[in-house]
Amino acid sequence: MKYSLSAKNLVCRNLEAHASYCAALLNPNHTKEITGIVRSDTGLLSGRLNQAVSNTVMQPRILQRFALDYFAERHSAFTLWHSASKPLDDEALAQLGLQRKQSQVAMAAEIERLAVQGAAQKVDGLVLSPVKKEALPEYAEVQAAGCGSALEAAELKKFYTALAEIPEQRRARLRFFLARLQDTPVAAGCLFASADALGLYDLVTLQDYRGQGIGRALFHYLLVQAQSSHHRSLVALVPAERQQLPLDCGFFAVGEVARYVYTP
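Source: prediction; values computed, not measured.

## Thoughts on the overall build of the protein chain
Inference 1: For the protein chain, the count of helices and strands is seven helices and eleven strands.
Inference 2: The C-alpha radius of gyration of the protein chain comes to 18 Å, within 12% of the 18 Å expected for a compact globule of 264 residues.
Inference 3: In terms of its C-alpha atoms, the protein chain occupies a principal-axis envelope of roughly 55 × 40 × 35 Å.
Inference 4: Looking at the protein chain as a whole, 52% of its 264 residues qualify as buried.
Inference 5: In the protein chain, 73% of the contacts between residues at least 6 apart in sequence involve partners at least 24 apart.
Inference 6: Per element, the accessible surface of the protein chain, about 12800 Å² overall, is 49% carbon and sulfur.

## Regarding the packing of aromatic side chains
Inference 1: The full count for this structure, using the stated rule, is ten aromatic pairs.
Inference 2: Ring centres 5.7 Å apart and planes at 85 degrees place the aromatic pair Tyr160 and Phe176 in the edge-to-face group. Taken together, the positions of Tyr160 in helix H5 (residues 150-164) and Phe176 in strand S7 (residues 174-181) put the pair 16 residues apart, joining distant regions of the chain.
Inference 3: For Tyr160, a relative accessible area of 3% translates into the label buried.
Inference 4: On the basis of relative accessible area, Phe176 is assigned to the buried category, the value being 5%.

## Let's talk about the pattern of salt bridges
Inference 1: Tallied over the entire structure, the rule returns nine salt bridges.
Inference 2: A salt bridge links Arg100 to Asp90; its shortest N-O distance comes to 2.8 Å. Here Asp90 lies in helix H3 (residues 90-96) and Arg100 lies in strand S5 (residues 98-110), a separation of ten residues in the sequence.
Inference 3: Between Glu141 and Lys157 there is a salt bridge; the shortest N-O distance is 3.4 Å. Remark: Lys157 occurs in helix H5 and Glu141 occurs in helix H4 (residues 136-145); sequence separation between them is 16 residues.
Inference 4: Assessed through its relative accessible area of 32%, Lys157 is described here as partly exposed.
Inference 5: Residues joined by salt bridges that share partners form a network here, namely Glu110, Arg113 and Arg232.

## A word on the sheet that holds strand S3 (residues 51-54)
Inference 1: Read across the open sheet, the eleven strands follow the order S1-S2-S3-S4-S11-S5-S10-S9-S8-S7-S6; overall the sheet is mixed. At either margin of the open sheet sits one strand with a lone partner, and together these are strand S1 (31-34) and strand S6 (126-130). Going from strand to strand, the sheet's axes swing by 20 degrees on average, the running direction of each strand aside.
Inference 2: Across six bridges, the pairing between strand S8 (residues 184-193) and strand S9 (residues 198-205) is antiparallel. Across the sheet, the residue bridging to Cys190 is Tyr201, located in S9.
Inference 3: Contacting S1, strand S2 (37-40), S3, strand S4 (78-82), S5 and strand S11 (252-262), helix H2 (residues 60-73) crosses the sheet at an angle of about 5 degrees to S2.

## Overview of the nonpolar core
Inference 1: Residues Tyr139, Tyr160, Leu163, Leu174 and Phe176 are the most contacted members of the largest nonpolar core, which totals 41 residues.
Inference 2: Among the elements that line this core, the one with the most residues is helix H1 (residues 5-26), at nine residues.
Inference 3: If you look at the next biggest cluster of nonpolar residues, it comprises 31 residues, including Ala109, Val123, Phe219 and Ala226.

## Regarding the side chain of Arg180
Inference 1: Along the polypeptide, Arg180 turns up in strand S7.
Inference 2: You can call Arg180 buried: its relative accessible area is 18%.
Inference 3: Excluding residues that lie within four positions of it along the chain, Arg180 makes contacts with Gly125, Leu126, Val127, Ser129, Ala135, Glu138, Pro185 and Val186.

## A look at unusual backbone geometry
Inference 1: Residues other than glycine seldom take positive phi values, yet Gln182 does so here, at roughly 50 degrees.
Inference 2: Structurally, Gln182 is set in the loop between S7 and S8.
Inference 3: Even without being a glycine, Asp202 presents a positive backbone phi close to 60 degrees.
Inference 4: Relative to the helices and strands, Asp202 is located in strand S9.

Procedures and definitions
- Numbers given for residues are sequential positions, taken from 1 along each chain in its written order.
- The predicted nature of this model means local features are confined to residues of pLDDT at least 70 and side-chain atom pairs, given and counted, to a pLDDT of 80 or more, with totals for whole chains, interfaces and linings taken over all residues.
- To obtain the side-chain values, all non-hydrogen atoms of the structure were used and water was disregarded.
- What counts as a helix is a DSSP run of H or I of at least four residues, what counts as a strand is a run of E of at least two, and both are numbered from the N terminus.
- Just to be clear, the radius of gyration here is over C-alpha atoms, and the globule rule we use is 2.2 Å times residues to the power 0.38.
- Note on exposure labels: buried denotes an accessible area under 20% of the residue type's maximum, exposed denotes more than 50%, and partly exposed covers the range between, all computed with a 1.4 Å probe on protein chains only.
- Whether two residues are in contact is decided by their heavy atoms, any of which lying within 4.5 Å being enough.
- Surface exposure here means Shrake-Rupley accessible area, sampled with a 1.4 Å probe, where a residue is shielded only by the protein chains that are shown.
- Whether two aromatic rings pair depends on their centres lying within 6.5 Å, for rings of Phe, Tyr and Trp, where Trp uses its six-membered ring; planes under 30 degrees apart make the pair stacked, over 60 edge-to-face, and the rest tilted.
- By definition, a salt bridge exists where a carboxyl oxygen of Asp or Glu is found within 4 Å of a side-chain nitrogen of Lys or Arg.
- Strands qualify as paired when DSSP identifies two bridges or more between them.
- Geometry is summarised by axes, namely lines fitted to C-alpha atoms with helices restricted to the contacting stretch, and by angles between N-to-C directions that run from 0 to 180 degrees.
- Residue types Ala, Val, Leu, Ile, Met, Phe, Trp, Tyr and Cys, when buried and joined through side-chain atoms within 4.5 Å, form a set referred to as a nonpolar core.

Dropping the structure here:
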């Protein structure tokens, strides 16, 4: 793989596919697309699950009509991701109600070159495992605890409750994982399989359990799971201050993706 614009596009295509796939599980009219932007709606009022992904610079009025007005009419938050190298007009978007948040670093790796053997320290009492249907409520609790909003937490729980009622083969491209410490769920993460890459999503450790190596252990566990995939590439979006661990494991930083949040 050449770590260039093509690798960044791989990350963003996976982001689009992940948003669309999650929305389609709950909402038949889940995804709409015009030139340069894809909008995905789960039908829930979740700013994390409802997303728009832009890959070109466009006039703020187009973003307003296609994405913001749509979600505002539903009184729903949503996240706008902008992957083009040329930035959007932050001031104009702020006037529309789209607030710029911390950008994320797009990262990509060739799975066969990942460095994972012996890299993670053992954490006493920590058990890492895939999430079965009956454990989805536990996974939901961990994800909801890390979102910082009571409304968002409630909507995330609705999403995972609905997933538990969907046959596993219909949601097979999403694989969830939990870290339990002394039988208490303390961290969670997901792998999503798109057509051309495997994506890492929603890695979170509960606040009271951070700094103990749990998140690092879960990250390495997910890399091991990825090695059993038929995919060649593994991609992720991470905050700049957390990119060292992926870099140490064989990822490359391939660009920056801007992030905006609309809250009604």
